[in-house]
Amino acid sequence: MNREKAQRRFIFICLAPAVILATIFIFIPTINVFRMSLYRMGGITNKKSFVGFSNFVKLMDDKNFLEAMQNSILIIVMVMICTIVLAVLFAALLSRGNFKGKNFFRIIFYIPNILSIVVIAGIFGAIYNPSTGLLNTFLDAIHLSGLKHQWMGDPSIVIYSVIFALVWQAIGYYMVMYVAAMDGISAEIYESAVIDGANAADKLFRITLPLIKNIIGITWVLSLSGTLGLSYILVKIMTGGGPNGASSVILQYIYKIGMEQGSYGYAMALTVFITVFSAVLSVISQLLMNREKGE
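For the structure given in this document, a descriptive report is provided here. These numbers come from a predicted model, not from an experiment. Sequence order sets the numbering: in each chain, residues are counted from 1 along the sequence as written. Local features are withheld for residues below a pLDDT of 70 in this predicted model, meaning they are given only at 70 or higher, and side-chain atom pairs are given and counted only at 80 or more; totals for whole chains, interfaces and linings count all residues. Side-chain descriptors were evaluated using all non-hydrogen atoms of the structure, hydrogens and water having been removed beforehand.

Helical segments are the DSSP runs of H or I of at least four residues, strand segments are the runs of E of at least two, and each set is numbered from the N terminus. Here V88 lies in helix α3 (residues 63-96). For the exposure calls, accessible area comes from a 1.4 Å probe over protein chains only, and a residue counts as buried if that area is under 20% of its type's maximum, exposed if over 50%, partly exposed in between. The exposure class assigned to V88 is buried, which follows from its relative accessible area of 8%. Apart from residues no more than four positions distant in its own chain, V88 is found in contact with Y178, M182, L204, L209 and I216. For this analysis, residues touch if any pair of their heavy atoms sits within 4.5 Å.

Right, here's the structure in full:
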């Protein structure tokens, strides 16, 4: 009995610092965000008035919010799909391909992930420059001047310019995870498949993907949370949400409402909405992963 009490006391002592820090820096601020979303208030003065759920009603009629939300969902979906598909294909090539320099290419693919997102924004800002940028210069060199664009100034394509930069940044990170998972698959399984007449596509879709589906599920959830934050930084630096809100994303819009326009209560309501939205997506992803495991 004394031993059990000592164990419980030891566990309590070990967990207490983490619980205290989580309470101070996570739980209490989160509760305050939910509370402040029910008020009309500014970020500088202490004046506030209780408005209930009026801030949440307002966001449903806010066209700028709906556009930012639409852009955020498009970025999340496109980046997750493109990144995971390309990362799996590159990982399969580097894990099972027979060519020299595989380790070199692993390093090359991973380099974008270790760069600061600010540096990446600068790189693609230079690439997309309409007059001196690498992309338009390359199109001129191969006599395809008709394809030249204002890549960050055209409302119809600016969001896809941001998506491409995010995919380029993320592929290497997930590829390394997939390579590690694929290297753990026994070579005997592939040898047996070859004897049975399996080709490269059969080995990828019938052996590799089913055996690493748990890792793919984990990276799916990581990509969901990571893309939401990185898209804000990239958009803030590259386009500022323009032109005319065409590249605005939800976190950038929240910053604009709260810090630039001073509508602090409304910004908190937007924060609550995106928090609940992200939590729902994460739960759905976890349920789908658990379902796959059960099957």
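All axes are obtained by fitting lines to C-alpha atoms, using only the stretch in contact for helices, and the reported angles, taken between N-to-C directions, cover 0 to 180 degrees. Direction vectors running N to C along helix α7 (residues 158-183) and helix α10 (residues 213-238) enclose 150°, while the axes themselves pass 10 Å from each other. Classed by the angle they form, the pair α7 and α10 counts as roughly antiparallel. Crossing of α7 over α10 shows right-handed handedness. Facing α7, whose interface residues are V162, A165, L166, Q169, Y173, Y174, M177, Y178 and A181, α10 presents I215, I216, T219, L222, S223, T227, L230, S231, L234 and V235. Only Asp, Glu, Lys and Arg are considered charged in this grouping, and only Ala, Val, Leu, Ile, Met, Phe, Trp, Tyr, Cys and Pro are considered nonpolar; every other residue, Gly among them, is considered polar. The residue inventory of the contact of α7 with α10, partitioned by class, reads 14 nonpolar, 5 polar and no charged. Orientation categories follow fixed angle ranges, with anything under 35 degrees roughly parallel, anything over 145 roughly antiparallel, 65 to 115 roughly perpendicular, and all other angles oblique. For any pair of crossing helices, the crossing counts as left-handed if the nearer helix is rotated counterclockwise from the farther one by less than a right angle, and right-handed if it is rotated clockwise.

Turning next to the packing of aromatic side chains. In this scheme Phe, Tyr and Trp rings, the latter by its six-membered ring, pair at centre separations within 6.5 Å, and the angle between planes marks the pair as stacked below 30 degrees, edge-to-face above 60, and tilted otherwise. What the rule picks out here adds up to 10 aromatic pairs. With a centroid separation of 5.5 Å and an interplanar angle of 80°, the aromatic rings of Y39 and F50 are classed as edge-to-face. Placement of the pair is Y39 in strand β1 (residues 39-41) and F50 in strand β2 (residues 48-50), with a sequence separation of 11 residues. The class for Y39 is partly exposed, based on a relative accessible area of 21%. When its relative accessible area of 57% is taken as the criterion, F50 is described as exposed. Definition used: whenever NZ (Lys) or CZ (Arg) falls within 6 Å of the ring centre and also within 35 degrees of the ring normal, the charge is taken to sit over that ring. A cation sits over an aromatic face here: K48 above Y39, 4.8 Å from the ring centre.

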